[in-house]
Amino acid sequence: MKVYHGSTIMVNSPLVGVGRRNLDFGKGFYLTDLQEQALSWANRPINAGKPKVLNVYELDIEGIIQAGYRYKHFMAYDAEWLEFVVASRRGESVWEEFDIIEGGIANDRVFNTIELYSQGLITQDIALQRLVYEKPNNQICILSQAIADRFLCFMNSIFVGGKEECV
């Protein structure tokens, strides 16, 4: 499957242990099969004035599954996804039992619901009622360097904006 990583640099050899721990699916290398989603990552406000780069890869999900890696796929914004993301964002290492995780993103539209729920201001039922109207975006978090090295093939990087000379 073709996947993308939006960044400020070319990432031809991804490292999975570089990111922050308290993200949706933990400390790993994040990708998406949605080019527009990756472009939005590159264009985050924190990247203002920096180059914008769309890194393109081929990810062999079938090979990962056949090799016996621990693959978790959240198919919807459901109770399991909600509890996992809230726990991960609290700094709990719920993701450590997996090698790769795929599912919806707690983006701006979803974030408010998650925050209200994690602060105890709404119940899980109300949070899920709100989330049912959201169409999940897609993110894939590679948590195992072995997966990145063996099953993620760098294709190319495309400069999409900012200071080109910094790429």
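That block above? That's the structure.
Procedures and definitions
Residues numbered from 1 in each chain as written. Predicted model: local features only at pLDDT ≥ 70, side-chain atom pairs only at ≥ 80, totals over all residues. Heavy atoms only, no water. Salt bridge = Lys/Arg side-chain N within 4 Å of Asp/Glu carboxyl O. Buried < 20%, exposed > 50% of the residue type's maximum accessible area, 1.4 Å probe, protein only. Phe/Tyr/Trp six-rings, centres within 6.5 Å; stacked < 30°, edge-to-face > 60°. Helix = DSSP H or I, 4+ residues; strand = E, 2+ residues; numbered from the N terminus. Pairing = 2+ DSSP bridges. Right-handed = clockwise from strand over helix to strand, strands pointing away. Core = buried A, V, L, I, M, F, W, Y, C linked by side-chain atoms within 4.5 Å. 1 Å grid on protein atoms, 1.4 Å probe; cavity = no way out; pocket = protein on both sides within 12 Å on 5 of 7 lines; lining within 4 Å. Points joined across faces, edges and corners; volume = space filled by probe spheres on them.

Enquirer: Looking at this structure, how should I read the pattern of salt bridges?
Expert: Proximity of charged atoms lets side chains of opposite charge pair with each other. Evaluation of the coordinates by the stated rule reveals four salt bridges. Residues Glu 80 and Lys 72 are paired through a salt bridge, measuring 2.7 Å at the closest nitrogen-oxygen approach. Take Glu 80: its relative accessible area is 44%, and that puts it in the partly exposed class. Under the relative-accessibility criterion, Lys 72 is labelled buried at 18%.

Enquirer: For this particular structure, what's the right way to read the packing of aromatic side chains?
Expert: The description of two aromatic rings rests on the distance between their centres and on the angle between their planes. Applying the stated rule across the entire model yields eight aromatic pairs. Look at Phe 29 and Tyr 57: their rings are 6.0 Å apart centre to centre, the planes differ by 85°, and that puts the pair in the edge-to-face class. A residue pair is termed long-range when its members are at least 10 positions apart, and Phe 29 in strand S2 (residues 29–31) and Tyr 57 in strand S3 (residues 52–59) qualify at 28 residues. Seen from their ring centres, Phe 84 and Phe 98 are 6.2 Å apart, and the 55° between their planes marks the pair as tilted. With a gap of 14 residues between them, Phe 84 in helix H3 (residues 79–89) and Phe 98 in the loop between H3 and strand S5 (100–103) connect regions that are remote in the sequence. The buried category is assigned to Phe 84, whose relative accessible area is 9%. Residue class for Phe 98 comes out buried when judged on its relative accessible area of 16%. Linked through ring pairs, Phe 25, Phe 74, Phe 84 and Phe 98 together constitute an aromatic cluster.

Enquirer: What's the story with the pairing of S5 in this structure? I'm lost.
Expert: Side-chain positions along a regular strand alternate between the two faces of the sheet. What you see with S5 is no split at all: Ile 100 and Glu 102 on one side and Ile 101 and Gly 103 on the other are buried throughout. In this structure, strand S4 (residues 71–73) lies alongside S5, joined through three bridges in parallel fashion. Across the sheet, the residue bridging to His 73 is Glu 102, located in S5. Of the crossover connections in this fold, the one passing from S4 over H3 to the parallel S5 is right-handed. Sheet topology note: the S5/strand S6 (residues 139–142) ladder contains four bridges and is antiparallel. Along S6, the bridge assignment pairs Ile 100 with Ile 142.

Enquirer: Please explain the nonpolar core as it appears in this structure.
Expert: Side chains of nonpolar character tend, in soluble globular proteins, to be buried together. Ranked by internal contacts, the top residues of the largest apolar core, which has 23 residues, are Phe 25, Trp 81, Leu 82, Phe 84, Ile 101, Val 110 and Ile 114. Among the secondary structure elements, those contributing two or more residues to this core are H3, helix H4 (108–118) and helix H5 (124–131). When residues in this core are grouped by element, the largest group, five residues, is from H3. Membership of the second largest hydrophobic core comes to 16 residues, among which are Val 11, Tyr 57, Ile 140 and Phe 151.

Enquirer: What's the story with the layout of surface pockets in this structure? I'm lost.
Expert: Volume-wise, the largest pocket comes out at about 1,200 Å³. Taken together, 31 residues line the largest pocket, and the ones lying closest to its centre are Arg 20, Leu 23, Tyr 30, Trp 41 and Arg 44.

Enquirer: Would you explain the environment of Ile 126 in this entry?
Expert: Relative to the helices and strands, Ile 126 resides in helix H5. By relative accessible area, Ile 126 is classed as partly exposed at 38%. Residues Ile 126 and Thr 113 lie 13 residues apart in sequence; the distance between their C-alpha atoms is 8.9 Å.

None of this, on its own, says anything about what the molecule does.
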